[in-house]
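Reading the structure
These are the residues of each chain, in order.
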Amino acid sequence: MSEKYTGPLERVDETRWRIPRSYKAGMRVDGLIYADEALVAAIKEDKSPEQVANVATLPGIVKYSLAMPDIHWGYGFCIGGVAATDPEQGGVISPGGVGYDINCGVRLLRSTLTVDDVQPRLKQLVDRLFETIPCGVGKGGVVKFARKELAALMEQGSRFVVSRGFGWDSDLEATEAHGCIPKARPDLVSDTAYDRGVDQCGTLGSGNHFLEVQFVDHVDDEKAAKALGLEKGTITVMIHSGSRGLGYQVCEDSLKDLRDVPRKYGIELPDKQLVCAPVHSSEGQRYLGAMRAAANFAWCNRQVMTHLAREVFADVFEKPAERMGMHLVYDVAHNIAKMEPYEVDGQERELCVHRKGATRAFPPGHAELADRYRPLGQPVLVPGDMGRFSYVLIGQPGSMEHTFGSSCHGAGRRLSRGAAIRASKGRSIAKELLARGVIARARGRTGLEEEQPDAYKDVINVVDVLHTAGISRKVARLKPIGVIKG
Amino acid sequence: MSFDHAIGESKRGVAVVEPSFEIFDHTADAGIRVRAATLPGLIEPATRGLYAVIGELAETGEEESARFEQTGSDATELLRDYLAGILLLFERDHRKASTLETPVFDDGRLAVVYRTRSVDSEKSVYYREVKAVTYHELAIRPIPGGYEATVIVDI
């Protein structure tokens, strides 16, 4: 188990703590962690701040090595880590700054259904979702793609599956990057990754992935909530999943390919897991191209599950999903690296922004947002845990100024899996959730125990920090009533 | 890290380590700690440890033989690559390895010969999906009577 962090954490203001670049040899910039006093005490319990300091040594890193308030220990980068590198200054791209689950992310559907509409059929709804959405170890999907189709899917993203009937055209505009990062290179994805992806598009996976039926429990920003169609008491559906075995294999292949590359470019790393290559190098471009392909697969994955969920609702409530207003609010990636323009020292530069357990949070007016979101700002979806709440936020101007357009992605784990299982002894987590009004179904024997609410920090503490810091503003709070897990 | 070290220990009367594994806590994921009297001896408990993280895997069908062989400069990376191959065998091919023989495992080479059978999904009990075998805290170190390896897997 990781030791505690004993290095410096200098308070900058009520929401920011600095690790000075003098802390560790090789740091090119300061580290900066977003947190309040209470969260800092917990953050020091593992060595994730050390990882923030390590990331600060990456060539070409700009301004700060950042971490969001849901920071915890990861591989190379901490979870909650954000780092932007400048390719023109020898900046690197690192698979550790994205993670194995490329484009793990979250999407949220709204509806005109209310809690009163759903409660009488909630068990039937959750059971049908559990039967219909493939989840758990070894569960293949209902949709299988031939290799040529997979290649096209990875190039086109969500558009590919929507054009085949798995969703609505309006879903594309409500997805980050319209569900497709251009210049994806499916030709750089290995045969093994293709083999793993062939029957996994439209599958939930396991671990902390979930599909949740929720309702809008509280509205913080009436105007923004109305613009997003999130009326208090209405039903929402949140889906958390990523690129599945295809993405894991792309990362696995890349880590192997890049093993000796830092030495080739004279890059010294404090941690082998920060393996990287200059963005402009052939190795860097290969990873970027393959990563984009896997990211596009992930958007298709969530899109197909959206379609399946709509079909279940239509079946249970005996009316089309369109008549229940089951529109996509938004879909965000929280494990990704993207080329984005930022102003640095008065000049606009195209930076490689790594978000490892962090969510894009573009403010009102940002050119990349679709027309319907540009006046409002980009929705930021932050799942909490299956017993308490999740949150919808909106990106604020502070994100562009301070965090390379980034916000948090979740609550952050408080207990290890083993500790969560031990804490569950003699308890029925399913019954406890039911007592809280949540019907939960899980395929894995230890799924509910490992993912129980007590295993996570309270998401409200995390989102409050970024609300106060002007990074992302609270819009609405969502309460779960049904959850399915792998 | 040498085979001779373990032989030396047994000659001096130190109990030779029995092959074993344990799963230990690691933040959001799982760690596997493996012990054996020799480097090649680590392979079998490491394989069982990986499967123990995934669940209780029942087998069915005909046996097929398989071989993993790789050269490299680092025994820890060879161990990791082998386990990644076993994970792929499960994830992609839905097969489980058993009856392992490890003719060679040192800093430069790992060769494992094993039998595989299909995983019986109906009779298996799954705990969790393992995304990957990571490089995090990857280590093999000598201990009295043998060797100990640690591997962290991403859940």
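Below is a short write-up of the structure. (Residues numbered from 1 in each chain as written. Chains lettered and ligands numbered in written order. Predicted model: local features only at pLDDT ≥ 70, side-chain atom pairs only at ≥ 80, totals over all residues.)

Some words on the pairing of strand β10 (residues 146–154) of chain B
Residue and element names in this part refer to chain B. In plain terms, the rule: Buried, partly exposed and exposed are defined by the number of other C-beta atoms within 10 Å of a residue's own C-beta, namely 20 or more, between the two limits, and 12 or fewer respectively, with C-beta atoms placed from the backbone. Think of it this way: any DSSP run of H or I at least four residues long counts as a helix, any run of E at least two long counts as a strand, and we number them from the N terminus. Pairing between strands is defined by DSSP: at least two bridges between them are needed.
When you tally the buried positions in β10, you get seven out of nine residues, the bulk of the element. Note: strand β2 (residues 29–36) against β10, seven bridges, orientation antiparallel. What sits directly across from A30, in β10, is V153. Looking at chain direction, strand β8 (residues 132–133) and β10 are connected through two bridges and run antiparallel. In the strand pairing of β10, V133 is matched with V153.

Considerations on the nonpolar core
The following threshold applies: A set of buried Ala, Val, Leu, Ile, Met, Phe, Trp, Tyr and Cys residues, joined through C-beta atoms within 7 Å, is what we mean by a nonpolar core. Contacts here follow a simple rule: the backbone-placed C-beta atoms of the two residues must lie within 7 Å.
Grouped together as the largest cluster of nonpolar side chains are 206 residues, with contacts concentrated most on A46 and V153 of chain B. With 17 residues, helix α12 (residues 282–317) of chain A is the largest single contributor of residues to this core. Not counting chain neighbours up to four residues away, the residues in contact with A46 of chain B comprise F21, I32, V34, L79, L83, A149 and V151 of chain B.

Considerations on the sheet that holds strand β2 (residues 16–19) of chain A
Residues and elements named next belong to chain A. Counted only if it meets this: Each axis is a line fitted through C-alpha atoms, and for a helix only the stretch in contact is used; angles between axes span 0 to 180 degrees, taken between their N-to-C directions.
Read across the open sheet, the seven strands follow the order β1-β2-β3-β4-β5-β13-β12; overall the sheet is mixed. Here the strands that pair on one side only, and so sit at the sheet edges, are β1 (10–13) and β12 (335–344). Averaged over all pairs of adjacent strands, the angle between their axes in this sheet comes to 25°, without regard to strand direction. Pairing of strand β5 (residues 79–85) with strand β13 (residues 347–356) involves five bridges; the strand directions are antiparallel. Bridge pairing in β13 places A84 opposite V353. The sheet strands contacting helix α17 (residues 459–468) are β3 (30–34) and β4 (61–72), and the helix crosses β4 at an angle near 145°.

Observations concerning unusual backbone geometry
Despite not being glycine, H178 of chain A shows a phi value in the positive range, around 55°. Note that H178 of chain A resides in the loop between α7 (170–173) and α8 (191–197). In this model, E137 of chain B sits at a positive phi of 50°, which is unusual for a non-glycine residue. On the secondary structure map, E137 of chain B appears in the loop between β8 and β9 (139–143). Exposure remark for E137 of chain B: the 14 C-beta atoms within 10 Å place this residue in the partly exposed category.

Notes on the interface of chain A and chain B
What counts here: Polarity classes work like this: nonpolar for Ala, Val, Leu, Ile, Met, Phe, Trp, Tyr, Cys and Pro, charged for Asp, Glu, Lys and Arg, and polar for all others, with Gly in that last group.
The partner chain B presents 25 residues to the 34 residues of chain A that form the contact. When contributions to the side of chain A that touches chain B are tallied by element, the ones reaching two or more residues are α8, α10 (244–257) and α14 (417–423) of chain A. Split into classes, the residues belonging to the side of chain A that touches chain B amount to nine nonpolar, 15 polar and ten charged.

A few points about the environment of R18 of chain A
All names here are of chain A. Summarising the element assignment, R18 is placed in strand β2. Since 16 C-beta atoms lie within 10 Å of it, R18 is described here as partly exposed. Along the chain, R18 and Y34 lie 16 residues apart, while their C-alpha atoms are 9.0 Å from each other. Not counting chain neighbours up to four residues away, the residues in contact with R18 comprise E10, V12, D30, G31 and L32.

Quick look at the environment of A227 of chain A
Following the sequence through the fold, A227 of chain A ends up in helix α9 (residues 222–227). Between the C-alpha atoms of A227 of chain A and L376 of chain A, which are 149 residues apart in sequence, the distance is 8.0 Å.

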